[in-house]
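Residue-level structural notes
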Amino acid sequence: MKTVNSLWTSPRRWLPTLLRRGFDAWVRAKVFPQPLNISAEKSVCYVLARPSMTDRAMLDSLTRQHDIPMSHVPLLGLSGSERNAFFSLRESRMSTVPPKLLRLLDAVQSGGLDDVELIPVSIFWGRAPEREAADTARMRWLRVWAAEGWGGRSRLRKLLAILFFRRDVVAKFGEPVSLKAAAVQAASDGLTPALLQRRVARLLRTQFRTEREAAIGPDLSHRRLLTDAILQEPRVKAAIADEITTRKTTEQKVIARAEKMAHEIAADYSYPIIRVFARALQSLWNRIYDGVDVRGTDRLHMLAKDHTIVYVPCHRSHIDYLLLSYVVREAGLTIPHIAAGANLNLPVVGTILRGGGAFFLRRSFKDDNLYGEVFSAYVHEVLKRGFPVEYFIEGGRSRTGRMLQPKAGLISMTVQSYLREHNRPLAFVPVYVGYEKLMEGGSYTQELAGAAKRKESIWGLLGALKDMRNERYGRVGVTFARPVMLGEMLDVSGVAGFQNWLDDKALRRRTLTELSRQLAERINGAAHMNPVALVASVLLATPKHAADVAQLATSIDRLRQLIMRTQMTPEIAMTPLAGAEAIEYVTKMGYLEHRQHVLGDVVLAKESAAVSLTYFRNNVLHCVALPGLIACLIAQHGTVGRAKLARLAREFYVLMQSELYLPEWEGDAFAPFDATLAAMVDDGWVTAEDDASVISMPAQASDAALQLETLASTIRPTLTRHALMLALVVRDASGSKNREAIEQLCQQAAQHLAMTHVFNAPEFSDKTQFRSAFDALLRADLVKLDSADFVHFDARTSAWANDAAFLLPPDTRAAVLRAARSGVARL
């Protein structure tokens, strides 16, 4: 009876066990990193940031659920003196170093223990940015009050957090701190035991703070203070003074206008909106998608601890905004501030998006200097405070499926902000987003065919969401690619500092061009080769977009193997489906139809879906660009020397690399070319002599020759555009035509050519494609522009034009040259 009374009078003995058992059944926690690599052979002691019975019970539950040393058993090696393997870093307000830490350090230094690894564990019950003072009305909401923030928590708040956030718990196991290594380093540095104790405690505190910033974001100030900080920026004050003078108005009116701009731009984080978003999006994804495949979150967790992150995704759909925020939050990280076009700042919708982290920018503000300076100052304040940011470097959604040329505006603002002032290193994180079906697919096709772009409206958005409920959209792939470290990149570029950046226009342009290229290249390098993209790449390369089912499956399998063997896309995510399975999958997605025949069943693209399939082929066209180019060259020559093949491949690769954002081919040696050619020889696409000095195509009319022709046809439309551009450039005397006239004629000739010789897809004659093709000629130094924009070229350009024309089949080549002559006559 005495024992029972003792238990009931000492809740510290039974309550943690009761809580732990309740958490086992009630709470669902996301644990990072995965997997947990904590060895049971080592002496491990877990560290919590603050004394909390709830967190201790949660830690006990987690360590029992995972294959790691348990926290509530005696510490390995000190079973007699330490009843458990955890402690809180902040035991009380008076103590700076926890007593257990002192005992463990003493045991390691005296030889009682060989080593102890301290593992900081951060547990978050619901995550939200710090609530602002202006949000007092929301404080009535108990969920907001109980959510994780930067302040402390009462027992009541902890209880409410358990009730409200049992499915929104994030546990992060940090980097281990070796007491033996710390002691050895301290001895080397000549530190006293007291200084060693403080150093270890400081290392743990730093980890806790960085994990908290990564999970819930940096400590936010009152929104009004942010606006005041923007208005105090020297460049903003100069713009205000300039507007007062030029518009002959009062200071009060201009400041009021600047404040209005700041509020028009700024995000307004709202935890209730973020939670509603999270639940609604989870429901939406489950309804319309078969799953979201995410890669690369491990590197995000490492970066978020001590870097300011700028996410730079490709832009395929309006869903991108919501999808990336959802994926980042599910990974246990802070939802970024997201740059969104002012066209999305719709009634109701704009408020919701702003509450979810969106900040808005106008499409153009070159004629409004004050707006430009206010917007730049806002970006600087957000980055300076270490908050993650997201923007789409293409500027708008790609209507063709290709990566668009990056816009330098926000990238330049980011670099300028970093050079001017930064508290942490900055990392650009390229993000690839790949879909199997788009909600905007129909409108993209109409816009490419010449229809006006649809204006966004709340009714249009609601209608699109309603339509999505009745469609199957397959899976979505998201990859966080290799980051670009801004500081390292600027050092390599020779940027000496902020003033150097402002003064040297050529250096600025060169650096932004290279940074934009690296980001676009890394986005493409992390492509998802999903079944739709893979099947589209092969099927659209056939003459009538139809093929024998067995032959198509073989072609898909061979292309799949070839892509994986080359070095073009180092982070590519390849579908695990084999050729036959991929065909069946794409058929169920509604893109294909099957026709039975006694000699073998035939599969073909549905007439209504064929144009849509070009979008998904273009998503991954860069993955087959080099193999397709090599196939084109060998198919046209029949037999060619390896040296000549490399020279010709380099010429046309250089033209494609700026359009498709391929890795740069510098010098004569290029590892991806060697790897691709070797793979094509090994897999029987082509044949080679014993010394590999001569490459030949397979025997005419053989299955291998048919496969090679299909591979060549994947990239032939792109090469046809370049051949058409070169033919029009050299058809008349140097300096007799301007750029605009050439691009316009190219588009007209492509429209005619598409009707007769090339698949009639609207994207084939899209004017942006010829703008990109002309830019490629400029970068390859094949043409030059004078001050009046007239085009000049030399004999080298004429030679390239002849080589390009030879790459095409005879009938297509004749059509290109005829279109060029016809275009010159009209000019």
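Structure first, text after, so check above.
Residues numbered from 1 in each chain as written. Predicted model: local features only at pLDDT ≥ 70, side-chain atom pairs only at ≥ 80, totals over all residues. Heavy atoms only, no water.

**A short note on the overall build of the protein chain**
Our working rule: A run of DSSP states H or I qualifies as a helix once it reaches four residues; a run of E qualifies as a strand once it reaches two. Both are numbered from the N-terminal end. Using a 1.4 Å probe on the protein chains alone, a residue whose accessible area is under 20% of its type maximum counts as buried, one over 50% counts as exposed, and one in between counts as partly exposed. The contact definition used throughout considers only heavy atoms, calling two residues in contact when any of these lie within 4.5 Å. Each accessible area value is a Shrake-Rupley result obtained with a 1.4 Å probe; residue values ignore everything except the protein chains displayed when judging cover.
Of regular secondary structure, the protein chain possesses 34 helices and 24 strands. Scored against the burial criterion, the 827 residues of the protein chain give a buried share of 55%. Put simply, of all contacts in the protein chain between residues at least 6 apart along the chain, 75% involve residues at least 24 apart. Accessible surface for the protein chain amounts to roughly 36400 Å². Of this, 53% is attributable to carbon and sulfur atoms.

**Things to note about the packing of helix H10 (residues 234–247) against helix H11 (residues 251–265)**
Where we set the bar: Lines fitted to the C-alpha atoms define the axes, with helices restricted to the stretch that makes contact. Angles between their N-to-C directions range from 0 to 180 degrees. In this scheme, roughly parallel covers angles under 35 degrees and roughly antiparallel covers those over 145, while 65 to 115 is roughly perpendicular and the rest are oblique. Crossing handedness is defined as follows: a turn of the near helix away from the far one that is anticlockwise and smaller than a right angle gives a left-handed crossing, while the clockwise case is right-handed. Residues are grouped as follows: Ala, Val, Leu, Ile, Met, Phe, Trp, Tyr, Cys and Pro are nonpolar; Asp, Glu, Lys and Arg are charged; every other residue, Gly included, is polar.
It is at 9 Å that the axes of H10 and H11 come closest, and there the two elements cross at 125°. Viewed along their axes, H10 and H11 adopt a mutual orientation that is oblique. Judged by the sense of rotation from one axis to the other, the crossing of H10 with H11 is right-handed. Across the interface between the two elements, Ile240, Glu243, Ile244 and Arg247 from H10 touch Glu251, Val254, Ile255, Arg257 and Ala258 from H11. Considering only residue class, the contact of H10 with H11 consists of five nonpolar, no polar and four charged.

**Concerning the pairing of strand S13 (residues 475–480)**
Here is the rule we go by: For two strands to be treated as a pair, DSSP must find no fewer than two bridges joining them.
The element S13 is largely enclosed, with a buried count of five among its six residues. Bridge analysis of strand S7 (residues 291–295) against S13 gives five bridges, and the strand direction is parallel. Paired with valine 294 across the two strands is valine 478, which belongs to S13. Here strand S12 (residues 426–434) pairs with S13 via four bridges, running antiparallel. Counted as the bridge partner of valine 431 is phenylalanine 480 from S13.

**Comments concerning the pattern of salt bridges**
Counted only if it meets this: Salt bridges, as used here, are contacts in which a Lys or Arg side-chain nitrogen is within 4 Å of a carboxyl oxygen on Asp or Glu.
The final tally for this structure, using the stated rule, is 38 salt bridges. With its nearest N and O atoms 3.4 Å apart, the salt bridge here joins arginine 20 to aspartate 24. Of the two residues, arginine 20 and aspartate 24 are both situated in helix H2 (residues 11–26); the distance of four residues between them amounts to about one turn of the helix. Residue class for aspartate 24 comes out partly exposed when judged on its relative accessible area of 32%. Of the charged contacts, one joins arginine 247 and glutamate 243 as a salt bridge, the two residues approaching to 3.7 Å between their closest N and O atoms. One end of the pair, arginine 247, and the other, glutamate 243, are both in helix H10, four residues apart, so they sit about a helical turn from each other. Taken together, the salt bridges that share partners define one network made up of Glu243, Arg247, Arg257, Glu264, Arg362 and Asp368.

**Let's talk about unusual backbone geometry**
Trans peptide bonds make up most of the peptide bonds, and negative phi angles are found at most residues other than glycine. Following phenylalanine 32, the chain continues into proline 33 via a peptide bond in cis, with omega recorded as -5°. Structurally, the position occupied by proline 33 is in the loop between strand S1 (29–32) and strand S2 (44–48). Of note, the bond from glutamine 34 into proline 35 is cis; its omega dihedral lies within 30 degrees of zero at -5°. If you trace the backbone, proline 35 turns up in the loop between S1 and S2. Non-glycine residue histidine 545 carries a positive phi angle of around 55°. Secondary-structure assignment places histidine 545 in the loop between helix H23 (531–539) and strand S16 (546–548). Judged by its relative accessible area of 12%, histidine 545 falls in the buried class. A positive phi angle is found at tyrosine 661, which is not glycine, with a value near 55°. Considering the arrangement of structural elements, one finds tyrosine 661 in the loop between helix H28 (642–660) and helix H29 (671–682). A relative accessible area of 11% places tyrosine 661 in the buried class.

**Some thoughts on the nonpolar core**
Selection criterion: Residues belong to one nonpolar core when they are buried, are Ala, Val, Leu, Ile, Met, Phe, Trp, Tyr or Cys, and are joined through side-chain atoms within 4.5 Å.
Core analysis: the biggest nonpolar cluster contains 208 residues, and Tyr311, Phe375, Tyr391, Phe428, Phe480 and Phe673 have the highest contact counts within it. Here this core gets 13 residues from one element, more than from any other, and that element is helix H30 (residues 703–730). Each residue touching phenylalanine 375, except ones within four places of it in the same chain, is listed here: Ile265, Phe359, Phe360, Leu361, Phe365, Leu410 and Met413.

**Digging into helix H20 (residues 486–493)**
Definition in use: Throughout, the arc means that of the directions going from the helix axis to the C-beta atoms.
The complete set of buried residues in H20 reads Leu486, Met489 and Leu490. One face of H20 carries all of its buried residues, which in axial projection span an arc of 100°. Turned more than 90 degrees from where H20 packs its buried face, Glu488, Asp491 and Val492 sit exposed. Check the buried side of H20 and you find it contacts helix H17 (409–420), S12, strand S14 (484–485) and helix H22 (505–525). Taken from the residues just after H20, glycine 494 is the one with a positive phi, measuring 85°.

**What about the packing of aromatic side chains?**
Defined as follows: Stacked, tilted and edge-to-face are the three classes assigned to paired rings of Phe, Tyr and Trp, where Trp is represented by its six-membered ring and a pair needs centres within 6.5 Å; plane angles under 30 degrees give stacked, over 60 edge-to-face, the rest tilted. Lysine and arginine charges are scored as sitting over a ring when NZ or CZ, respectively, is within 6 Å of the ring centre and within 35 degrees of the ring normal.
Going through the model one piece at a time under the given rule, you end up with 14 aromatic pairs. Measuring from centroid to centroid gives 6.2 Å for tyrosine 289 and tyrosine 473, while their planes differ by 75°, and the two rings are edge-to-face. Within this pair, whereas tyrosine 289 is found in the loop between helix H12 (271–288) and S7, its partner tyrosine 473 is found in the loop between helix H19 (458–468) and S13, the two being separated by 184 residues in sequence. Grouping residues by exposure puts tyrosine 289 and tyrosine 473 together as buried. Taking NZ or CZ as reference, lysine 100 lies 5.9 Å from the ring centre of phenylalanine 86, over its face. Here arginine 558 stacks its cationic end above the ring of tryptophan 685, 4.3 Å away from the centre of that ring.

**Some points on the sheet that holds strand S18 (residues 592–595)**
On the basis of which strands lie adjacent, the open sheet formed by three strands has the order S16-S19-S18 and antiparallel pairing. At either end of the open sheet lies a strand with only one pairing partner, and these are S16 and S18. On average, each strand axis in the sheet is inclined to that of its neighbour by 25°, with strand direction left out of account. In this sheet, strand S19 (residues 602–605) lies alongside S18 in antiparallel orientation, the contact comprising four bridges. Looking at S19, one finds that glutamate 593 is bridged to leucine 604. Running at roughly 95° to S16, helix H24 (residues 549–565) makes contact with S16, S18 and S19 of the sheet. Relative to S18, helix H25 (residues 579–588) is tilted by about 115°, and along the sheet it contacts S18 and S19.

**Details of the environment of phenylalanine 360**
Position of phenylalanine 360 among the secondary structure elements: in strand S10 (residues 358–361). A sequence separation of 97 residues divides phenylalanine 360 from histidine 263, and the C-alpha atoms of the two residues are 9.7 Å apart. Beyond its immediate chain neighbours, meaning those up to four positions away, phenylalanine 360 contacts Glu264, Ile265, Ala340, Gly341, Ala342, Leu344, Asn345, Gly350, Leu353, Arg354, Tyr371 and Phe375.

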